[in-house]
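# Structural description and commentary
One letter stands for each residue in the lines below.
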Amino acid sequence: MDEQKVKETLISWRHTLHAHPETAFEEVETARFVADKLRAMGCTVHEGVGGTGVVADLTVGDGKKVIGLRADMDAINVKEVGTPTYQSQNPGKMHACGHDGHAAIGLGVAHILAAHRDALHGT
């Protein structure tokens, strides 16, 4: 796995999420983005959990051990004052809370686990 490529991918995901913030229980497009990425990694994806939540499983073999990871993906109602190239496209909403990074890191962990599935035995 090319570490530079993984880093660039995670930055791209974070910038995409940052540019399209959605507040709690309104994360329709965010959830779709996350679910699509997880499906592409080979995960079994469950959408609409608790409203807009996403749960994914990556099961390899018949091992009984399970690792659980959680990441937030909602934004908050605040106007972005900076001007990054990936600035919020949703007026009055922003990922000032860092959940764009949280979601990108969660996807990154899933990406790395999926890429090394041959070393896994469980869920």
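Structure's up top.
Throughout, residues of each chain are indexed from 1 in the direction in which the sequence is written. Only residues with pLDDT of at least 70 are given local features in this predicted model, and only at 80 or more are side-chain atom pairs given and counted; all residues enter the totals for whole chains, interfaces and linings. As a convention, hydrogens and water are excluded, and side-chain values are obtained from all of the structure's heavy atoms.

## Re the pattern of salt bridges
When a carboxyl oxygen of Asp or Glu is within 4 Å of a side-chain nitrogen of Lys or Arg, the pair counts as a salt bridge. Under the criterion given, the structure shown has six salt bridges. In this structure, D72 engages R70 in a salt bridge whose closest nitrogen and oxygen atoms are separated by 2.9 Å. Partly exposed residues are those whose accessible area sits between 20% and 50% of the maximum for their type, while under 20% is buried and over 50% is exposed, using a 1.4 Å probe and protein chains only. The class for R70 is exposed, based on a relative accessible area of 65%. Three or more residues joined by partner-sharing salt bridges are found here, namely D36, R39 and E47.

## Details of the packing of helix 1 (residues 3-19) against helix 2 (residues 28-40)
Orientation is described by axes fitted as lines to C-alpha atoms, over the contacting stretch for helices, and by angles from 0 to 180 degrees between their N-to-C directions. Each helix is a run of H or I in the DSSP string that is no shorter than four residues. Each strand is a run of E no shorter than two, and both are numbered from the N terminus. Where helix 1 contacts helix 2, the axes come no closer than 10 Å and their chain directions differ by 160°. Overall, the two elements helix 1 and helix 2 adopt an arrangement that is roughly antiparallel. When the axes of helix 1 and helix 2 are compared, the crossing they make is right-handed. Contact residues: helix 1 offers W13, T16 and L17, while helix 2 offers T30, F33 and K37. Per-class residue counts for the contact of helix 1 with helix 2 are three nonpolar, two polar and one charged. With respect to orientation, any angle under 35 degrees is reported as roughly parallel, any angle over 145 as roughly antiparallel, any angle of 65 to 115 as roughly perpendicular, and every other angle as oblique. For a crossing to be left-handed, the near helix must be turned anticlockwise from the far one by less than a right angle; the clockwise case is right-handed. What makes two residues a contact is simply this: any of their non-hydrogen atoms within 4.5 Å. Amino acid classes used here: Ala, Val, Leu, Ile, Met, Phe, Trp, Tyr, Cys and Pro are nonpolar; Asp, Glu, Lys and Arg are charged; the rest, including Gly, are polar.

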